[in-house]
Structures are given as structure tokens and as C-alpha cells.
Amino acid sequence: MPKKEITPVVKPHTITSRPVDEKDIDRVYKDAQEIYKIFGQKIGLYNTFLAVAHPQITKDDPLRFFVVNPNMKIAEELPEAVIINPEIIRHTNNTVDSEEGCLSFPTNPPTVVQRWNKCEVRFKVLTPDKQISD
């Protein structure tokens, strides 16, 4: 079986992603398929990641979406999920420690960061048949 070609992860950049709109759907679908190739591959210190954001694979017109790893436990609720235009609309005032690593910094070990204890998020989901739902 031929080895999957991995979509490269680009170096961190300062280009702000823009919201996805209807004209971007074919590109989102195509680029999401490329992101799925990353899951299950070892990159730096990491061989598993919860999600990969579009700005991590391109700095040429990065779009505001990320792909959830279908192999992670959260995937039971969001199988093959492509999350489009996520937006935090409400959060608690208290934070919790969260140990995280980042694929954009593959040789850095996980570190503890502060995250909101709870937050409410609005987003759309792109389904495998290129449909968008809330």
C-alpha cells in the first residue's frame, strides 16, 4: 500500500483567517480532505491531535475552519466534522488549566494554558456530501 502524502504544516504566521462563505465550500471540502491525511501521522513530538485548523496548512488566504480528528473520542459526537466559522458567543469568567500541544510547534512539548471553564460556541458543520448545517 502506498504511503499517504502528508499535507505539510506551515510555520506559524500572522495572517488572520477570514470567514468562510458560500463561494468557498468546494475549497473547504478539498482542503479538509488534505487535512484528514495528517491524522494518524507522527509530526515532531505528536502522533495524535484533536483538530487541525486551516491556517496551519496554508498562509495563502487561510479560511476560518478546522477539522476534528475522527479517531478522537469527541468524534463520536462529530464524526468527520469540519467546523466552519466558529465563534465564542458566551463564556464563564473563570478559567481552568489545560495541557495542550500544538502541531504548529511540533518540537515543543505540551504546556499548560488557561481556557475558559465553559463556553458557548456558534458554528456550522460541513457534511461529507458538502452540505452545511448549524
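Here the structure is shown first, and the text comes after it.
Spatial strand order, β1-β2-β3-β6-β7: 5 strands in an open sheet with antiparallel pairing. In this open sheet, the two strands that pair with only one neighbour each are β1 (51–53) and β7 (132–133). Summarising the sheet, β1 and strand β2 (residues 65–68) pair through 3 bridges and their orientation is antiparallel. Note on β2: the bridge partner recorded for Val52 is Val67. Packed on one face of the sheet, helix α1 (residues 25–36) meets β1, β2, β3 (82–91), β6 (119–126) and β7 and runs near 40 degrees to β2.

Inspection of every chain in the model, using the stated rule, returns 11 salt bridges. Close ionic contact of Arg18 with Asp61 constitutes a salt bridge, the shortest N to O distance being 2.8 Å. Of this pair, Arg18 sits in the segment before α1 while Asp61 sits in the loop between β1 and β2, placing them 43 residues apart in sequence. Measuring nitrogen to oxygen at the nearest pair gives 3.6 Å for the salt bridge that ties Lys30 to Asp31.

The rules we used
- Residues numbered from 1 in each chain as written.
- Predicted model: local features only at pLDDT ≥ 70, side-chain atom pairs only at ≥ 80, totals over all residues.
- Heavy atoms only, no water.
- Pairing = 2+ DSSP bridges.
- Helix = DSSP H or I, 4+ residues; strand = E, 2+ residues; numbered from the N terminus.
- Contact = heavy atoms within 4.5 Å.
- Axes fitted to C-alpha atoms, helices over the stretch in contact; angles between N-to-C directions.
- Salt bridge = Lys/Arg side-chain N within 4 Å of Asp/Glu carboxyl O.

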